[in-house]
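Observations on the model geometry
For reference, the chains in residue letters:
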Amino acid sequence: MTVDSQGTATADSQDAPGRAAGKSQTPPPPSGAKDSLQPSRGRRSLPSGLLPYLLVTPALLSMAVLLLYPLINNVILSLQSVNRRELIRREAPWVGFDNYAELLGDSDFWTVVLRSVLFTAANVALIMGIGTGIGLLLNRLGKKMRLVLSLGLMFAWAMPIVASVTVFRWLFDEQFGVANWVMRTLGFSGYEQHNWFETSFSAFVIITALVVWGSIPFVALNMYAGLTTVGTELYEAARMDGASGWRTFWSVVFPNLKPFFMITTFLEIIWVFKAFTQVYAMNQGGPDRTTETLPVFAYMEGMSQQHYGVAAAISILTIVMLIVAMSFYFRLILKQEDEQ
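Thresholds, definitions, all that
Residues numbered from 1 in each chain as written. Predicted model: local features only at pLDDT ≥ 70, side-chain atom pairs only at ≥ 80, totals over all residues. Heavy atoms only, no water. Phe/Tyr/Trp six-rings, centres within 6.5 Å; stacked < 30°, edge-to-face > 60°. Helix = DSSP H or I, 4+ residues; strand = E, 2+ residues; numbered from the N terminus. Buried < 20%, exposed > 50% of the residue type's maximum accessible area, 1.4 Å probe, protein only. Lys NZ or Arg CZ within 6 Å of the ring centre and 35° of its normal. Salt bridge = Lys/Arg side-chain N within 4 Å of Asp/Glu carboxyl O. 1 Å grid on protein atoms, 1.4 Å probe; cavity = no way out; pocket = protein on both sides within 12 Å on 5 of 7 lines; lining within 4 Å. Points joined across faces, edges and corners; volume = space filled by probe spheres on them. Nonpolar A, V, L, I, M, F, W, Y, C, P; charged D, E, K, R; others polar. Polar contact = N/O pair within 3.5 Å; in protein donor to acceptor, adjacent residues only side chain to side chain. Contact = heavy atoms within 4.5 Å.

Brief notes about the packing of aromatic side chains
A full pass over the atoms with the stated rule returns 18 aromatic pairs. Note on tyrosine 280 and tyrosine 299: the rings are 5.0 Å apart at their centroids and 70° apart in plane angle, and the pair reads as edge-to-face. Of this pair, tyrosine 280 sits in helix H13 (residues 277-283) while tyrosine 299 sits in helix H14 (residues 294-304), placing them 19 residues apart in sequence. Classification of tyrosine 280 by relative accessible area gives partly exposed; the value is 24%. For tyrosine 299, a relative accessible area of 31% puts it in the partly exposed group. An aromatic cluster is defined as three or more aromatic residues linked by ring pairs; in this entry it consists of Trp246, Phe249, Trp250, Phe254, Phe260 and Phe261. We note arginine 169 situated over the ring of phenylalanine 197; from NZ or CZ to the ring centre the distance is 5.0 Å.

Written out as C-alpha cells, the structure is:
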C-alpha cells in the first residue's frame, strides 16, 4: 500500500487483483460431519421412511371404519342366532358355526349358489364379447361417428340402476310394453298381455339384458383405450402376411392386451356376482324366489324372513367365494408378470 501526497491510501497493483478475487469468490461448501448443515432450531425433519405411512394413514383409517369394522360385526353376527324373537328380547345367543352348517346342508342354498355362478358366467361372457366388439368398432370408426357412439355409451353407463330398471319394466310391461307390441307386429300370437316375468327363464333373460346393457360401456371404452397403445406397424405386418381380421385379433391384439382382458374380466366377475339392485328391483327375486342370486337371497333371509344370523353367514360365504376367485386371477397376473 502507498500513500499519495494528499494522504489517501491506495492499494498496490499487485494487491488489487487478489482483493477483487477475494470479493468474487464464495466460501467452499462445508465438508465433514461437523461442518454439515444443520436444520434451523424449532424445525425437526421427519424420518424419510415414516412420511409415506403418514400420508396413507387417513385412507387406512377410513377403510377401517367403513369396511373393516362392519365386516367384523358381520362375522360376529354370523356366529349368533338372531331372529325375530331374539331381536325383540335384545338377545344374541352364541351358536358358533351352526348357521354355516345349516346353510351348507341346505339344498336351497346350493341351488342359489349354482344359479349365481351360471348367471355370472353368462353375463360376463356376453359383456366381454359384445364390449370387445364395440371397442374394436370404436377403433375403426371416424372421429364423428366415434364421438356419437362414445356419447351413447357414456349415457348408458351414467344412467342410475333404478332408473334403468324402471325403463326395462316399461319395455316389458304386460299391457303397454314395447316388447309385446313388437311381437304382435311380427305376427306372433299370444302376446296381447303376455307376462314376461311369469317364468324364471324369461325373467333372467330380461335381467341379463339389463346387466349386460349397463356394463358394456366400461369394457368397450377401456378396450378402445387399450387399442390406442398397439402400434400400427403390427397391424401393417399382419396385413402384409395376409392375416384375416380374426387372425389379427388373436395374434396381435389379444397378446398385447392380455392384461386388460384379465383385469377387466376379473372386475366384471366381482360386479356381476354381487349384483343386487338389478335382480331385486326388477322382480324381487320372483317368481317364487326362483331368480334369487346370493345377494338377494341374503337380503330376503335377513329382511323378509328376519333370520339375521343366517343372512350374515350367507354374506360371509359370498365374500369367501369372491376371495377364491380373486386368488385365482391374482395367480394368473403374477405368473404373467414373472414371464415378462
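With respect to the pattern of salt bridges
All told, the structure shown has 3 salt bridges when counted by the stated rule. Note that glutamate 292 and arginine 289 form a salt bridge whose closest N and O atoms lie 2.5 Å from each other. Accessibility expressed as a relative area gives 1% for glutamate 292, which makes it buried. With a relative accessible area of 30%, arginine 289 lands in the partly exposed category. When the shortest N-O distance is used, the salt bridge between arginine 289 and glutamate 301 registers 3.5 Å. Here arginine 289, found in the loop between H13 and H14, pairs with glutamate 301, found in helix H14; they are 12 residues apart in sequence, far enough to count as distant. Counted as one network, the salt bridges with shared partners bring together Arg289, Glu292 and Glu301.

Let's talk about the layout of surface pockets
By volume, the largest pocket amounts to about 390 Å³. Lining the largest pocket are 19 residues, with Ile161, Val211, Gly214, Ser215 and Gln278 sitting closest to its centre. Every element with two or more residues in the lining of the largest pocket is listed here: helix H6 (143-158), helix H7 (161-171), helix H9 (200-227), helix H12 (258-273) and H13. Looking at the lining of the largest pocket, the element that brings in the most residues is H9, giving 6 residues. Residues that form the lining of the largest pocket fall into these classes: 12 nonpolar, 5 polar and 2 charged. Space inside the second largest pocket adds up to approximately 300 Å³.

Things to note about the side chain of threonine 248
Along the polypeptide, threonine 248 turns up in helix H11 (residues 245-256). On the accessibility criterion, threonine 248 (13% relative accessible area) is buried. In terms of polar contacts, threonine 248 uses its side chain to reach the backbone carbonyl oxygen of serine 244, at 2.7 Å. Once residues within four sequence positions are removed from consideration, threonine 248 is found in contact with Tyr235, Ala238, Ala243 and Val253.

Points about the side chain of glutamate 86
Within the fold, glutamate 86 resides in helix H3 (residues 84-89). Residue glutamate 86 is classed as buried on the basis of its relative accessible area of 8%. Within the structure, glutamate 86 has its side chain in polar contact with the backbone nitrogen of asparagine 83 (distance 3.1 Å). With sequence-adjacent residues up to four places away left out, glutamate 86 is seen in contact with Ser81, Glu91 and Pro93.

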